[in-house]
Amino acid sequence: MKINMLTRRVTWQNLERETYDLLVIGGGITGVGIARDATLRGLKVLLVEKSDFASGTSSKSSKLIHGGLRYLQQAEFGLVFESVSERTLLLKLAPHLVRPMEFLVPAYRGNYPGRTMLHAGLLLYDALAKFSAPGRHRAYRAKALLKQEPMLRSERLTGGVTYFDSATDDARLTLENALDARRNGAHILTYARATGFVSRKDDKGNEVIEGVELRDELDPKVEATARARVIVNATGPWSDLVLRLLQRGQPAPLLRPTKGSHIVLDAARLPVRHAVVMTTPQDHRVIFAIPWTDPDVPTASRTVIGTTDTDYHGDPDKVATDAADVEYLLTCANYYFPEAKLVEGDVLATWSGLRPLVAPSAEGLSASQVSREHRLISRPGLLTIVGGKLTTYRRMAAQVVEAAYEQLGQKAPECPTDDRPL
């Protein structure tokens, strides 16, 4: 979004004189979704972001709006139902941003799941979506499946299935939520870093968060305190770091961040007609080979391979794809497409993002076994939202706004984003 410097300067100058109903920290998809929802319900909203919109996880996803077929194996039926319901809604409300994509899952003799189980799983998947997917799934025997994807490994192939989910431009989806929030009255400051919290004691002696200290990243001499009746920490992988501004020492982390890396290839090196679902031979995780074409530049076709899922303990601002990530993804792609003979030199670009996963209570779970459910933590004057998926951002935003109304002591109006197009 182009920064209007005059509007920005006026917003900074007025911060000390304003009291907002809701102050949202974080300009990713969840934060802007919250700002949009709250503004449309009539709340006075300020959103601040230390960099630019979608500069973190929200521009570094796999660009998929999907129900999470693999979550059926983990019996997370609630998460799948929420996801496929939101997918259906986004296809309707943002058809220029969310488009149907056909996926293909090959089945190999001796590997789990087999063709019959895949077919049964997709029957359940379609049922949870109330049969609202852009198309029904289909089962194929080996010969017919190879006509769908001729470069697939044929050895021990028994067949497979195709089904429909969706793809999106994650950064643009984030930006259009921000634009709609601003259009409806939200005050927005990018390059505004939260450096501390302001609190007071209520009449019972409880600490109530009532403000955020901000620094202008474009002019570090400019500082101000923004006050609000409710503050939302929607900073994704930075959530624990933001909460440390409030608590001295090292509070128990809410997150278990995991890194997801992707590699980009010229489609001529790996031409796929579907988003091919692959189970890695190394650790039996699910990754995708996704056809990626820019509608404005149809000749610049690419294939994206991703994503990894490894624990990350470093600075969230410095996450990047490394050689091990590239090798991991190429090894899987070469296993499923042996004729491609992909090498590091075929990699045109990479990107990596962090999943802000909720730290599990159970020990010994691998990164991929950690639930993608979200969690809302509430204390007087402050709400923190962690976890979740790109697909369910709108529903998460609605829950946060309703929790904010509860803190405000008001009845929440009907959710406006259920039927408002982007």
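Draft legend 1. View of the overall build of the protein chain. Helices and strands together make up the secondary structure of the protein chain, namely nine helices and 18 strands. For 422 residues, the compact-globule estimate of 2.2 N^0.38 gives 22 Å, and the C-alpha radius of gyration of the protein chain, at 22 Å, lies within 12% of that figure. Structurally, the protein chain occupies a C-alpha span of about 70 × 45 × 45 Å along its principal axes. In the protein chain, 72% of the contacts between residues at least 6 apart in sequence involve partners at least 24 apart.

Draft legend 2. Geometry of the pattern of salt bridges. Applying the stated criterion to the full structure yields 27 salt bridges. Between D309 and R355 there is a salt bridge whose closest N-O contact spans 3.0 Å. Of this pair, D309 sits in the loop between β14 (297-306) and β15 (310-311) while R355 sits in strand β16 (residues 347-355), placing them 46 residues apart in sequence. Residue D309 is classed as buried on the basis of its relative accessible area of 7%. A relative accessible area of 17% means that R355 is categorised as buried. Here D418 ties to R394 by a salt bridge, and the two come within 2.7 Å at their closest N and O atoms. Here D418 is found in the segment after α9 (393-408), whereas its partner R394 is found in helix α9, with 24 residues between them in sequence. A residue is classified by how much of its surface remains accessible, and R394, at 9% relative accessible area, is buried. Salt bridges sharing partners connect three or more residues here, namely R36, D180, R183 and R420.

Draft legend 3. Looking closely at empty space enclosed by the protein. Within this structure, the stated rule accounts for one cavity of 30 Å³ or more. Forming the walls of the largest cavity are R36, L90, L93, Y393, R394, T417, R420 and L422. Counting residues per element, the ones that place at least two in the lining of the largest cavity are α3 (77-93) and α9. Residues belonging to the lining of the largest cavity are distributed by class as follows: four nonpolar, one polar and three charged.

Draft legend 4. Looking closely at the side chain of H66. Note that H66 resides in the loop between β3 (64-65) and α3. Apart from residues no more than four positions distant in its own chain, H66 is found in contact with S83, Y125, D165, K389 and T391.

Conventions adopted
- Residues numbered from 1 in each chain as written.
- Predicted model: local features only at pLDDT ≥ 70, side-chain atom pairs only at ≥ 80, totals over all residues.
- Heavy atoms only, no water.
- Helix = DSSP H or I, 4+ residues; strand = E, 2+ residues; numbered from the N terminus.
- Rg over C-alpha atoms; globule rule 2.2 N^0.38 Å.
- Contact = heavy atoms within 4.5 Å.
- Salt bridge = Lys/Arg side-chain N within 4 Å of Asp/Glu carboxyl O.
- Buried < 20%, exposed > 50% of the residue type's maximum accessible area, 1.4 Å probe, protein only.
- 1 Å grid on protein atoms, 1.4 Å probe; cavity = no way out; pocket = protein on both sides within 12 Å on 5 of 7 lines; lining within 4 Å.
- Points joined across faces, edges and corners; volume = space filled by probe spheres on them.
- Nonpolar A, V, L, I, M, F, W, Y, C, P; charged D, E, K, R; others polar.

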